[in-house]
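# Observations on chain architecture
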Amino acid sequence: MSGGKSGPVRRSASPRRLVAIGVTLIMLLSPFLWLLQMSFKSNDLILQFPPPLIFTPTLQNYASLWQGAFAASFVNSLMSASFSTALALVLGVPAAYALSRWAGRGKHALSFAILVTRMAPPIAFTIPFFLFYRWIGLLDTVTGLVLVYTSFNLPLVIWMMQPFFETVPSSLEEAALVDGASTRVVFLQIVLPMVAPGIAATAILCFLYAWNDFFFALILTRTNARTAPVAVVNFMNYEGWEWGKIAAGGSLVMAPVLIFSLAVRRYLVSGLTAGAVKG
């Protein structure tokens with residue numbers, strides 16, 4: 001007889017569970033895979049019924065996109081989404097930290113007020129933004145889009161990051177201050193590394209909102225700052241719908257978000273689940 005305790009036994013997934021996972025993945029990925037395979041077909045093949053599953057792929061749709069105005073629209077989307085996300089984090093993360101450490105009255109009321117500003121429908125701000133931008137000359141500019149997206153992402157950053165900062169023990173900051181560290185050093189070198197998963201999760205949500213925006217980009221831009229989602233819609237015209245370019249444009253629009261999500265997936269999962277279980 002052995003006196004030691006045996007380690008935990010790993011249980012292999014049951015066949016039913018594997019089948020359920022496979023069916024779920026097929027249901028979730030089938031629209032994206034269908035869009036991707038359409039992007040490698042000509043319009044004649046796309047309009048065939050039933051659609052051929054075996055075909056000779058072509059890159060003509062992607063070549064046509066990059067030879068046209070879509071390339072500039074893609075760059076505009078990338079710039080507006082990246083800059084607005086970075087600006088919202090630079091402004092919102094310190095604000096969330098200050099709000100989490102605020103011990104005075106009115107803290108919860110201020111947090112709720114910040115959250116309410118994010119709940120307002122975008123259409124309520126369209127006319128004020130349009131008139132103001134026309135007055136100061138920011139219509140059809142990437143700078144104008146960055147400011148709009150930042151104004152909507154900033155409440156989201158503050159609201160999401162505040163709980164992460166509240167989980168950081170204040171005793172760590174007090175010990176660092178006693179050892180002679182400044183407030184800036186405490187914030188940058190002690191607190192921020194501990195909330196890195198939250199920052200990653202917040203950054204992805206902000207980037208998604210700015211990247212997928214269609215409404216503000218449609219109203220506040222014309223040609224110079226047109227974004228990728230608006231450019232894809234322009235392939236639907238009176239002469240006919242260019243399904244190959246639409247599929248190729250949709251695939252390219254999904255690519256940066258997918259790459260960004262895979263790059264920070266480790267932080268994203270831990271960030272979205274942080275605080276779900278308290279010890």
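Residues numbered from 1 in each chain as written. Predicted model: local features only at pLDDT ≥ 70, side-chain atom pairs only at ≥ 80, totals over all residues. Heavy atoms only, no water.

### Quick word on the overall build of the chain
- Secondary structure summary: the chain contains 14 helices and 2 strands in total.
- The buried share among the 279 residues of the chain stands at 36%.
- A total of about 17400 Å² of accessible surface is found on the chain, and carbon and sulfur atoms cover 69% of it. (Helix = DSSP H or I, 4+ residues; strand = E, 2+ residues; numbered from the N terminus. Buried < 20%, exposed > 50% of the residue type's maximum accessible area, 1.4 Å probe, protein only. Areas by Shrake-Rupley, 256 points an atom, 1.4 Å probe, with all protein chains shown as cover.)

### A look at the packing of aromatic side chains
- By the definition in use, this model includes 16 aromatic pairs.
- Ring centres of phenylalanine 74 and tryptophan 211 lie 5.5 Å apart, and the angle between their planes is 85°; this geometry places the pair in the edge-to-face category. Taken together, the positions of phenylalanine 74 in helix H4 (residues 70–100) and tryptophan 211 in helix H10 (residues 196–212) put the pair 137 residues apart, joining distant regions of the chain. Considered together, phenylalanine 74 and tryptophan 211 belong to a single accessibility category, that of buried residues.
- Taken together, a centroid distance of 5.7 Å and an interplanar angle of 65° make the contact between phenylalanine 129 and tyrosine 133 edge-to-face. Placement of the pair is phenylalanine 129 and tyrosine 133 together in helix H6 (residues 123–136), with a separation of 4 residues, close to one helical turn.
- One aromatic cluster is present, built from ring pairs that chain together Phe125, Phe129, Phe132, Tyr133, Trp135, Tyr149, Phe152, Tyr209, Phe215 and Phe216. (Phe/Tyr/Trp six-rings, centres within 6.5 Å; stacked < 30°, edge-to-face > 60°.)

### What about H4?
- The terminal C-alpha atoms of H4 lie 43 Å apart, and with 31 residues this matches the ideal 45 Å at 1.5 Å per residue to within 8%.
- Along H4, the helix axis deviates most sharply at glycine 92, where the bend reaches about 25°; the proline proline 94 sits within four residues downstream. (Expected span 1.5 Å × (residues − 1). Bend = angle between axes of the 7 residues up to and from the residue.)

### Notes on the environment of arginine 134
- Considering the arrangement of structural elements, one finds arginine 134 in helix H6.
- Distance in space between the C-alpha atoms of arginine 134 and leucine 220 is 9.2 Å, their sequence separation being 86 residues.

### Structural notes on the nonpolar core
- Counting 29 residues, the largest nonpolar core has Phe70, Phe129, Val148, Tyr149, Trp211 and Phe216 as the members making the most contacts within it.
- At the level of secondary structure, the elements contributing two or more residues to this core comprise helix H3 (60–67), H4, H6, helix H7 (142–166), H10, helix H11 (215–220), helix H12 (228–233) and helix H13 (243–263).
- Per element, the largest residue contribution to this core is 5 residues, and it comes from H13.
- By size, the runner-up hydrophobic cluster in this structure holds 23 residues, among which are Tyr97, Met160, Val168 and Ala176. (Core = buried A, V, L, I, M, F, W, Y, C linked by side-chain atoms within 4.5 Å.)

### Section: the packing of H4 against helix H9 (residues 183–194)
- Orientation of H4 relative to H9, taken along the N-to-C sense of each, is 85°, at an axis distance of 13 Å. The orientation of H4 relative to H9 falls into the category roughly perpendicular. Along its contact with H4, which presents Val93, Pro94 and Tyr97, the element H9 presents Phe187, Val191 and Leu192.
- Grouping the constituent residues of the contact of H4 with H9 by class yields 6 nonpolar, no polar and no charged. (Axes fitted to C-alpha atoms, helices over the stretch in contact; angles between N-to-C directions. Parallel < 35°, antiparallel > 145°, perpendicular 65-115°, else oblique. Contact = heavy atoms within 4.5 Å. Nonpolar A, V, L, I, M, F, W, Y, C, P; charged D, E, K, R; others polar.)

### Digging into H7
- In this model H7 runs 35 Å from its N-terminal to its C-terminal C-alpha over 25 residues, within 8% of the 36 Å that 1.5 Å per residue would give.
- At asparagine 153, H7 shows its maximal bend, which comes to roughly 30°, and the proline proline 155 appears one to four places after that position.

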